[in-house]
Amino acid sequence: MLKRSKLSNSVNVALLASVSAASAVSVSAYAAEESANVERIAVTGSRIQRQDMETASPVTTIDASAIKAEGYNSVDEILQSQPAMAGMAAGATTNNGSDGVAQVDLRGMGSNRTLVLLNGRRMVNSGSGADSAVDLNTIPVAMIARVEILKDGASAVYGSDAIAGVVNIITKKDFEGFQFDINGGATDKGDGENLELSALYGFDTGKGNVTFGLAYSERKGVMQGDRDWVAKGDSSFTPQGGIVGNKLDSNGNPVFDDKGNIVTEVKNYDNGDWVTQEQGYDFTQDSWLQTPNKRYSFFANGNHEFSNDMILSGDILYTKRKSSQMMAAQPANLDLEVCEGNIKQDDCITLDDAMISGGIVADDKGFINYRKRMNDVGNRVYEQETDTLRVSAGLAGYLDINTGMDWDVSYTYGSNKADTWVHNSIHEGNMIKSINANQDAWFSGDPMSQEMIDAVSYTEQTDGGNDQHVIAGVISGEAFDLDAGAVAFAIGAEYRHESGYYNPDPVIIAGEGTAAQQYPTDGSFDVFSVYQEVSVPFTEKLTGEFALRYDDYSTFGSAATWKVGLTYEATDDLMLRTVAATGFRAPSVSELFGGNSGSFDFLDDPWGNELDDQILVNYTSDENLDAESSESYTAGLVYSPSYVDGLSITLDWWRFKIDNAIARLDVQAGLNSCFANDISACETFNIGADGNLDHLTNPLTNVGYQDTSGIDFNLAYSFEALGLDWKINNDLTHLIKFEQDGQNYTGTIGGMFGGYAEYKNNFNISARQGDWSVMYSNRYIGEMNDINKGDPIDSILYHNVSATYFFSDAVSANIGVKNLTDEEPLMIPSENDAGTVPEVYDTIGRQIYAGVSFKF
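Before going into details, it helps to say that this report is about the structure given with it. Since this is a predicted model, take the numbers as computed values, not measurements. (Residues numbered from 1 in each chain as written. Predicted model: local features only at pLDDT ≥ 70, side-chain atom pairs only at ≥ 80, totals over all residues. Heavy atoms only, no water.)

### Topic: the state of the cysteines
Then, number 1: Under the criterion given, the structure shown has two disulfides.
Then, number 2: Put simply, Cys 339 and Cys 348 are joined by a disulfide, and their sulfur atoms are 1.9 Å apart. Linking Cys 339 and Cys 348, the disulfide has an S-S dihedral of approximately 100° and is accordingly described as right-handed.
Then, number 3: The exposure class of Cys 348 is buried, given its relative accessible area of 4%. (Disulfide = S-S within 2.5 Å. Buried < 20%, exposed > 50% of the residue type's maximum accessible area, 1.4 Å probe, protein only.)

Spelled out as structure tokens, the structure:
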């Protein structure tokens, strides 16, 4: 019989405390146990099988009941609502450039620095091809038993990618019977509908269990134009088309700025004259605010006991995703060659008298800039169809059943394939030819003929994928006894092969489309790793945890990492804990072998040469990139006062430092520095004389760094009052500092990096009696300043309510409202879509959801 103290039980409660009272109900049994026969279990953050969940590392757990009560529709929504998340991970409201993926960004350190595990083993990177992070869409909510978030560096345990922490998704298993769930919802405005149907079936085989599951989910879109808070867009790319010409004064003479440069503006043809374009194009009417998505999933797991000392286990997951995004028609931005002497030829255009008198002249290279919104062709519609398969099997047994020393070998295979399409794309080369052949029709502003549309439009097609093979083995157990207890250990080895590829459309590879040019990506790497962990009870109150890992990569070389953790049970009420660790992140396939690609980034041109805030940037990779290195530190306490039953408090300070970081530099900072005559910035970003941005480049380098620190606070309190069972839970994250590459992001928000609020808080309270429970929760995002403009951005508080009723042991129902007060997102000057940063704020508005569960 293992005797456990009140503090031990409280630590478990703190580790398992979820963000909702529904979750707290499910873990209350841990606090109620004063003693129990406890088997050794796996804990996220360690390979050592333990008799309890007390470790030096802070862990947050969200269980299935919390997920259901909060009305979460996807894994990324579950995770990104946590206060420990920052930045701007792609998700349902990322319409531009996401390719339909959903990711997590722990501490705002980048989605590729958070390791995602499925049942303790690696999940294959997924998306549109050669991806550096896991697409959380591949994991259906219906299969989740709980999600564990390890909030310190874990490279010494898991290897690369665990710099910021680990998200371990544990699936439902050992299920018996049949369960069918229907969950759905919509906004109070009648759009954004979502539906999830899932079925779970499991049975006992006599020597094990087999569990199967099916899930279907659909999320419908919300248009930007259907929200009155969305400000109208104002793009210089208009459907009638225009030519960039000189700004003229009332006498028809050019206007000069303070530096002596001619001021330019877009001009349209109107009643025989080329006049200043007075109104831009409102692109918000043709863009999604929430993107549509369909997912079909099959999952299964099982185990079979061959004998008392050998068990076979395995799981399989397959998900097909069909998603789409939509933006306004393609903006065509063309440099057209002007015929010398204004003599009409087939490969150039002529400037007539009306153009010349309107201030349209060729530049010093003999070109004019023509821009047109291709509405006659149709909106840009992006479609993806991805297939992700993951199969994992393991064989475990005892080396010595009397001492509990055991072994485990496993193989995990992951495959992700993707086909993507961009409908109504424009072939730049064909468009230039068409304009040269019939410039009057193109410059008139009249609607395009079908012949013109057919000549310049096409459907862009790409394909890509990722593959992963992992072979692992570990031996763990108790090595010997000390006076305070047994010394536990784990020692293991792992081989992993990762590969990825991405093939853009041939038109895009050739640079003949109006979309940015991009080259193919194809590459792979292998890594062999060995590691060991030791848990040493120095005294009955002081325990040390030590880990050491060595990884040898076929690309950059080798890396050694270590971790040291201490837990000290100061009193029956108070436990102190601390961890110091080193980590690393190996460059991904796309970072090493990615073909150069263009991106239209939201930027301010200090020279004023660019008329739009989306400027083409060429992104480059580097096969010679080295691995990132990191240091992480946490120190905290778990306090459960004996004079207040059911109360648990955790407080943890944390700091992460990354050196040699693989990062794209801050282009806006580079533009500003170059404008201030910093020659090195001009060279780094390939900025030409007088602010020429034709070859603006953002390279991947190893010269970056990150330094971030903060405090996490959690309070969990369970009590009885007024004849009800109450649960209160509060999670607070205070960001002390987030600095990257010389830029301080603390307390700022912007469209390129997201939000780094100094304070984020989740609070919930629930009451339960008999068959029913109700819950109120809120989510707070603190004040920030615009990263570029410095404008103050207010704080925001979201309110949610829900209720659950059990009609019987077999039937239950829940209903809830998210964003009860219909809070509108805050407007951000340095936005990335719809005048805000959709990855930070709720842009959909009030949502009503409900669900029914049947168990047989």
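### A short note on the environment of Ala 329
Then, number 1: Considering the arrangement of structural elements, one finds Ala 329 in the loop between β17 (310-327) and β18 (331-337).
Then, number 2: Ala 329 gets classed as buried once you look at its relative accessible area, which sits at 0%.
Then, number 3: Considered as a pair, Ala 329 and His 423 are 94 residues apart in the sequence and their alpha carbons are 9.9 Å apart.
Then, number 4: Residue contacts for Ala 329: discarding those within four places in its chain leaves Arg 373, Met 374, Asn 375, Gly 378, Asn 379 and Arg 380. (Helix = DSSP H or I, 4+ residues; strand = E, 2+ residues; numbered from the N terminus. Contact = heavy atoms within 4.5 Å.)

### A closer look at the side chain of Gln 277
Then, number 1: Mapped onto the elements of the fold, Gln 277 is located in the loop between β14 (273-276) and β15 (288-290).
Then, number 2: Look at Gln 277 and you get buried, because its relative accessible area is 13%.
Then, number 3: Setting aside chain neighbours within four positions, we find Gln 277 in contact with Ser 235, Ser 236, Thr 238, Val 266, Lys 267 and Asn 268.

### Observations regarding a nonpolar patch on the surface
Then, number 1: Judged by side-chain polarity, Phe 178, Tyr 201, Phe 203, Phe 212, Leu 214, Phe 298 and Phe 856 come together as a nonpolar surface patch covering roughly 670 Å² of accessible area.
Then, number 2: Along the polypeptide, Phe 298 turns up in strand β16 (residues 293-307).
Then, number 3: Here Phe 298 falls in the partly exposed class, since its relative accessible area comes to 30%. (Patch = residues over 30% accessible without salt bridge, like charges linked within 9 Å, V, L, I, M, F, W, Y side chains within 5 Å. Areas by Shrake-Rupley, 256 points an atom, 1.4 Å probe, with all protein chains shown as cover. Salt bridge = Lys/Arg side-chain N within 4 Å of Asp/Glu carboxyl O.)

### Remarks on the sheet that holds β14
Then, number 1: With antiparallel pairing, five strands are arranged side by side in an open sheet as β14-β13-β12-β19-β18. One side of each edge strand has no neighbouring strand; the edge strands of this open sheet are β14 and β18. Across the sheet, the mean angle separating the axes of adjacent strands is 40° when strand polarity is ignored.
Then, number 2: Pairing analysis gives four bridges linking strand β13 (residues 264-270) to β14, with the strands arranged antiparallel. Within β14, the residue paired with Lys 267 across the bridge is Thr 276.
Then, number 3: Docked against the sheet, helix α7 (residues 428-437) engages β18 and β19 (367-373), running at close to 55° with respect to β18. (Pairing = 2+ DSSP bridges. Axes fitted to C-alpha atoms, helices over the stretch in contact; angles between N-to-C directions.)

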